[in-house]
Amino acid sequence: MIGVDGDREIVDWRKTTEDGRTVYEIEYSEPVREPTGRSKTLFGASSGGTVPSGEQYFHLPDGERIPATEAAFDADGTTLRVRREPSLVARLRRYLPW
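Note that this is a predicted model, so its numbers are computed, not measured.

Caption draft 1: Representation of the overall build of the protein chain. Helix and strand counts for the protein chain stand at two helices and six strands. Per-residue burial over the protein chain gives 29% buried out of 98 residues. Accessible surface computed for the protein chain: about 6700 Å², of which carbon and sulfur atoms make up 45%.

What follows is the structure, given as structure tokens:
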């Protein structure tokens, strides 16, 4: 789950829509910062090895998974906003025949 660790817990969260895109606002018990990279601990690689970037996901409080390559974050104090912004490759695949 995004931002949860031994000291920080989710206090509240809500799912909204802005400009036709889903946005999660997650409030934590302690200040949070924007995730900066793709950590194995966020994605749960059961083999202990690395996980290919196409198979890495962020797990959200309602069980939805957002591909790591499409997640965008904004942190403000104890609140983290998470939204899905399709990657350039994903956007191109919609229009190209391959």
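Caption draft 2: Structural context of the packing of aromatic side chains. Taken as a whole and assessed by the stated rule, the structure comprises two aromatic pairs. Their ring planes at 80 degrees and their centres at 5.1 Å tell us that Phe58 and Phe73 sit as a pair that is edge-to-face. Of this pair, Phe58 sits in strand β3 (residues 57-59) while Phe73 sits in strand β5 (residues 71-76), and the two are 15 residues apart along the sequence. The buried category is assigned to Phe58, whose relative accessible area is 4%. Over the face of the ring belonging to Tyr28 we find Arg8, whose NZ or CZ atom lies 6.0 Å from the ring centre. The ring of Tyr57 carries the charged tip of Arg65 above its face, separated from the ring centre by 3.9 Å.

Caption draft 3: Local environment of the sheet that holds strand β1 (residues 10-18). Across the sheet, four strands lie side by side as β1-β2-β6-β5; this open sheet has antiparallel pairing. If you trace the sheet from one side to the other, it starts and ends with β1 and β5, each paired once. Each strand of the sheet is rotated relative to its neighbour by a mean of 20 degrees, with strand direction disregarded. Relative to strand β6 (residues 79-84), strand β2 (residues 21-28) runs antiparallel, the two being bridged by five bridges.

Caption draft 4: View of the environment of Asp62. Considering the arrangement of structural elements, one finds Asp62 in the loop between β3 and β4 (65-67). Sequence separation between Asp62 and Trp13 is 49 residues, and the spatial gap between their C-alpha atoms is 9.2 Å. With residues near it in sequence (within four places) discarded, Asp62 still touches Trp13, Lys15 and Tyr24. A distance of 2.9 Å separates polar atoms of two side chains, one belonging to Asp62 and the other to Tyr24.

Caption draft 5: Region of the structure containing unusual backbone geometry. Phi angles above zero are rare outside glycine, and Asp19 is one such case at about 55 degrees. As for its position among the elements, Asp19 is in the loop between β1 and β2. Judged by relative accessible area, Asp19 falls into the exposed class, the value being 81%.

Caption draft 6: Just the nonpolar core, in detail. Within the largest apolar cluster, 13 residues are counted, with the highest numbers of intra-cluster contacts made by Ile2, Leu60, Phe73, Leu80 and Val82. When residues of this core are traced back to their parent elements, those giving at least two are β2, β5 and β6. In terms of residues, this core owes the most to one element, β2, which gives three residues. Discounting residues that sit within four places of it in the chain, Phe73 has contacts with Ile2, Glu34, Pro35, Phe58, Leu80, Arg81, Val82 and Arg83.

What counts, and at which threshold
- Residues numbered from 1 in each chain as written.
- Predicted model: local features only at pLDDT ≥ 70, side-chain atom pairs only at ≥ 80, totals over all residues.
- Heavy atoms only, no water.
- Helix = DSSP H or I, 4+ residues; strand = E, 2+ residues; numbered from the N terminus.
- Buried < 20%, exposed > 50% of the residue type's maximum accessible area, 1.4 Å probe, protein only.
- Areas by Shrake-Rupley, 256 points an atom, 1.4 Å probe, with all protein chains shown as cover.
- Phe/Tyr/Trp six-rings, centres within 6.5 Å; stacked < 30°, edge-to-face > 60°.
- Lys NZ or Arg CZ within 6 Å of the ring centre and 35° of its normal.
- Pairing = 2+ DSSP bridges.
- Axes fitted to C-alpha atoms, helices over the stretch in contact; angles between N-to-C directions.
- Contact = heavy atoms within 4.5 Å.
- Polar contact = N/O pair within 3.5 Å; in protein donor to acceptor, adjacent residues only side chain to side chain.
- Core = buried A, V, L, I, M, F, W, Y, C linked by side-chain atoms within 4.5 Å.

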